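# Observations on the model geometry
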Amino acid sequence: MADEIQRLRGEIDRVDDELAALLERRAALAQKIGGLKHGAPAYRPEREAEILRRVAQNPGVLPAERLSAVFREIISACRSLEEAIRVSYLGPEGTFSEQAVRKHFGRAVDALPSASVDEAFRRAESGAAQFTVVPAENSTEGAVGRTLDLLLATPLRICGEIELRVQQNLLSRADKISSIKRIYSHAQSLAQCNGWLAQHLPAVERVPVTSNAEAARRAADEAGAAAIAGDAAAERYQLGVLARAIEDDPNNTTRFLVLGNLEPAPTGKDRTSLVVSAENKPGAVHALLGPLAEQRVSMSRIESRPSRTKSGMWEYVFFIDVEGHQKDPAVSRALAALHDKAPFLKILGSYPAAQ
């Protein structure tokens, strides 16, 4: 048995050498492409989506998700040879927003934590970062209102989206759950774990804080304290995991948006986001949706928000996601008809749908 293991390890070494040589070859090709771009952005969402979808179609021993994660890092490392990319996100370090940045861009980018969603937007708008990653909605708690409000005014365009499975863990320096006297977390995370907390720690004080990373920082400094946060926060603040996946909804997912100054080309599996206003009269919203139905364009989401205009109270705008790219013929015709009907229409972006 020992001889067979040694033989197989030798074969692995030879495969690793081949992989290293192929990665060097890929990196050299990426550098050549970068030289031919003449300053065009290194990050092309449609091209990266195409690569990841292609490799995910042929999984073997490795699951498609793991194979895609490996190629994401390969793409990230090669992209960094063309351009140093800075991405702002809602911080501090160790948040799910940082996990979303790493999931989408890989580790070969400079991730810049921001104190608020507003600051994350401003950094990309001012050029301090090329892109920003911000939370848009959670499958349990709904839309992130501040992100929607900022989308109305920003010159940035949505050029990508990330769906992050949110696993909430109970983190602490303590060795056992019975030692916990206080739990810190973001208010949304506390709400997402309400059932588990009621069953296992009903008498423990729950303290909402600005972020899960801040919760982990406090738990690291306080005896008898715990935090509800993700793996990134546990690693950063060196906390043990007392319980994993304590969220009440096992499919709890947060959708993040990538914003920048790019307009991705169609990939065949895209999403278009827009915001429209409707006249304050009966049937106005139904009339706005008519062009989508007529062109058989599928709407995947609609969300209303107060318009925040000075013209009066009770006026709303509607954030809509549709399947397809704005350059697709059916979507293009629907948007043209919608433009004629809506008092206000803003295309927020067309981008590859999340993997």
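First, a word on scope: everything that follows refers to the structure included in this document. Worth saying up front: this structure is predicted, and the values here are computed from it rather than measured. (Residues numbered from 1 in each chain as written. Predicted model: local features only at pLDDT ≥ 70, side-chain atom pairs only at ≥ 80, totals over all residues. Heavy atoms only, no water.)

## Comments concerning the packing of aromatic side chains
Applying the stated criterion across every chain yields a total of 3 aromatic pairs. Aromatic pair Phe105 and Phe131: ring centres 5.8 Å apart, planes at 35 degrees, arrangement tilted. Of this pair, Phe105 sits in helix α4 (residues 96–105) while Phe131 sits in strand β3 (residues 131–138); the two residues are 26 residues apart in sequence, bridging distant segments of the chain. Look at Phe131 and you get buried, because its relative accessible area is 5%. The structure contains a cluster of three or more aromatic residues connected by ring pairs, namely Tyr43, Phe105 and Phe131. (Phe/Tyr/Trp six-rings, centres within 6.5 Å; stacked < 30°, edge-to-face > 60°. Helix = DSSP H or I, 4+ residues; strand = E, 2+ residues; numbered from the N terminus. Buried < 20%, exposed > 50% of the residue type's maximum accessible area, 1.4 Å probe, protein only.)

## Some points on the pattern of salt bridges
Taken as a whole and assessed by the stated rule, the structure comprises 27 salt bridges. Put simply, Glu11 and Arg7 hold a salt bridge, and the shortest N to O gap is 3.5 Å. With Glu11 and Arg7 both in helix α1 (residues 2–37), this residue pair falls 4 residues apart, about one helical turn. The partner of Arg305 in a salt bridge is Asp149, and the shortest N-O contact between them spans 2.8 Å. Of this pair, Arg305 sits in strand β13 (residues 299–306) while Asp149 is found in helix α6 (residues 145–153), placing the two residues 156 residues apart along the sequence. Neither residue differs from the other here; Arg305 and Asp149 are each classed as buried. One network of salt bridges, with partners in common, ties together Glu137, Glu161, Arg255, Arg271, Arg301, Asp321 and Glu323. (Salt bridge = Lys/Arg side-chain N within 4 Å of Asp/Glu carboxyl O.)

## Side note on helix α3 (residues 64–82)
Compared with the 27 Å implied by 1.5 Å per residue over 19 residues, the 27 Å span of α3 between its first and last C-alpha is a close match. Three or more residues of α3 are buried, namely Leu67, Ser68, Arg72, Ile74, Ile75, Ser76, Cys78 and Arg79. Elements in contact with the buried residues of α3: α1, α2 (45–56) and α4. (Expected span 1.5 Å × (residues − 1). Contact = heavy atoms within 4.5 Å.)

## With respect to the packing of α2 against α3
Between two packed helices, both the angle of their axes relative to each other and the distance between the axes serve to describe the pair. Close contact between α2 and α3 brings their axes to 9 Å; oriented N to C, the two are set at 145 degrees. Here α2 runs over α3; the crossing is right-handed. When α2 is examined against α3, the residues Glu48, Ile51, Leu52, Val55 and Ala56 are found in contact with a partner set consisting of Ala64, Leu67, Ser68, Phe71, Arg72, Ile75 and Arg79. Residues belonging to the contact of α2 with α3 are distributed by class as follows: 8 nonpolar, 1 polar and 3 charged. (Axes fitted to C-alpha atoms, helices over the stretch in contact; angles between N-to-C directions. Left-handed = near helix turned anticlockwise from the far one by under 90°. Nonpolar A, V, L, I, M, F, W, Y, C, P; charged D, E, K, R; others polar.)

## Focus: the sheet that holds strand β12 (residues 270–277)
Overall, antiparallel pairing links the 4 strands, which are arranged β13-β14-β12-β15 in an open sheet. The open sheet terminates on both sides in strands that have one partner only, identified here as β13 and β15 (345–352). The sheet shows a mean angle of 15 degrees between the axes of neighbouring strands, taken without regard to direction. Contacting β12, β13 and β14 (316–323), helix α11 (residues 284–294) crosses the sheet at an angle of about 20 degrees to β14. (Pairing = 2+ DSSP bridges.)

## So, the environment of His186
Relative to the helices and strands, His186 is located in strand β7 (residues 182–186). For His186, a relative accessible area of 30% puts it in the partly exposed group. In this view, His186 contacts Val209, Thr210, Ser211 and Asn212; residues no more than four positions away in its chain are not counted.

The values reported here are purely geometric and, on their own, carry no functional implication.
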